[in-house]
Amino acid sequence: MDRASFRAPWRALILLAGLAAASGARADAVSAVQVLRAGGCGGILPAARPLQHSPLLDRAAETWAHGGTPTAAAERSGYKAEAAAGLHISGADSAAIQLLRRSSCITVSDQGLHDIGMYRRGVDSWLVLGRAFVAPPKSQAPVQASRVLQLVNEVRARGARCGERAFAPAPPVKLSVTLGGVALGHASDMAIHNYFEHEDLGGHSPADRVRAVGYREKLVGENIAYGPKSADEVVQGWLDSPGHCENIMDPRFAEMGIAYAAGQSKHGLYWVQLLADPRA
């Protein structure tokens, strides 16, 4: 029931190629880290999702190579780190996995680290891994969530036409704190890693994320948007898009979660609306 995402007409969606755009030199060293994360460092730790390439952390790695600490280097590079860690290895590319596995499994497999950058000089490689800090919008939850709920229930009460399909009035939905938390998690993840998809970087669907927090559902729908600055703007955009409008008007949905997060690398808000029919 996951619908294609609404894109504000004046906004261009730019998806990062991530590590695919990395140079050959970087790919060798960074790939060693990615392989170890995917395999739980040889099966001794839980598997971790891939890290995203950060040019700012490339700069931080170069700065660290000339002295100081990884955290200080990250700050000097302009990367707003909530957490940072450094790895320094010396040797041939073919030995990178074994070198990292012997000395740095805990750091390599840290679930709390999201990004990576690298600097290389001769046979030495410096890698900085980090998690960026994203401040929540000051006007987050109550006001905007209440306004979205009001607008959604108003249109459900009067019925609507979604493209070629007419919908009769539907019962109101109510806010769910649990769904709101899941929505905020996905909105923040998109904001931190600069992507715009229903499926997150770990390959999880909206239904997967809902089930992961113990919410028992019969049906889950998700609307996402990037760009709108207010509840009124984002709801109107969804209503103008047939697939999103159908989600909002579906009479089977009884609960809703709504959240947004501010983008870090580009200006704008990432919105996530979750709609669900809970099991009794």
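Predicted model, so just to flag it, every value in this text is computed and none were measured.

Undergrad: Before we go on, may I ask you to explain the sheet that holds strand E3 (residues 81–90) in this structure?
TA: Within a sheet, adjacent strands bond to each other through the backbone by hydrogen bonds, running parallel or antiparallel. Pairing is mixed in the open sheet, where four strands are placed in the order E2-E4-E5-E3. Of all strands in the sheet, those bounded by a partner on one side alone are strand E2 (52–53) and E3. Pairing analysis gives nine bridges linking E3 to strand E5 (residues 124–132), with the strands arranged antiparallel. Looking at the pairing, leucine 87 lines up with leucine 127 of E5.

Undergrad: Sorry if this is basic, but what is going on with unusual backbone geometry here?
TA: Note on backbone geometry: most residues besides glycine have negative phi, and most peptide bonds are trans. Although it is not a glycine, cysteine 41 sits at a positive phi angle of roughly 55°. With respect to the helices and strands, the residue cysteine 41 is situated in helix H2 (residues 40–43). Looking at cysteine 41, the relative accessible area reads 0%, which means it is buried. Located in the positive-phi region is asparagine 194, a residue other than glycine, with phi close to 55°. The buried category is assigned to asparagine 194, whose relative accessible area is 10%.

Undergrad: I keep staring at the nonpolar core and nothing clicks. Help me out?
TA: Counting residues in each nonpolar core, the largest one holds 27 residues, and the members touching the most others are Val148, Trp238, Met249, Met256, Ile258 and Trp271. Among the elements that make up this core, the one with the highest residue count is helix H7 (residues 141–158) (six residues). Contact partners of valine 148, with chain neighbours within four places excluded, come to Ala231, Val235, Met256, Ile258 and Gln273. Listed in part, the 20 residues of the second largest apolar core include Leu179, Val182, Tyr195 and Val272.

Calculation rules
Residues numbered from 1 in each chain as written. Predicted model: local features only at pLDDT ≥ 70, side-chain atom pairs only at ≥ 80, totals over all residues. Heavy atoms only, no water. Pairing = 2+ DSSP bridges. Helix = DSSP H or I, 4+ residues; strand = E, 2+ residues; numbered from the N terminus. Buried < 20%, exposed > 50% of the residue type's maximum accessible area, 1.4 Å probe, protein only. Core = buried A, V, L, I, M, F, W, Y, C linked by side-chain atoms within 4.5 Å. Contact = heavy atoms within 4.5 Å.

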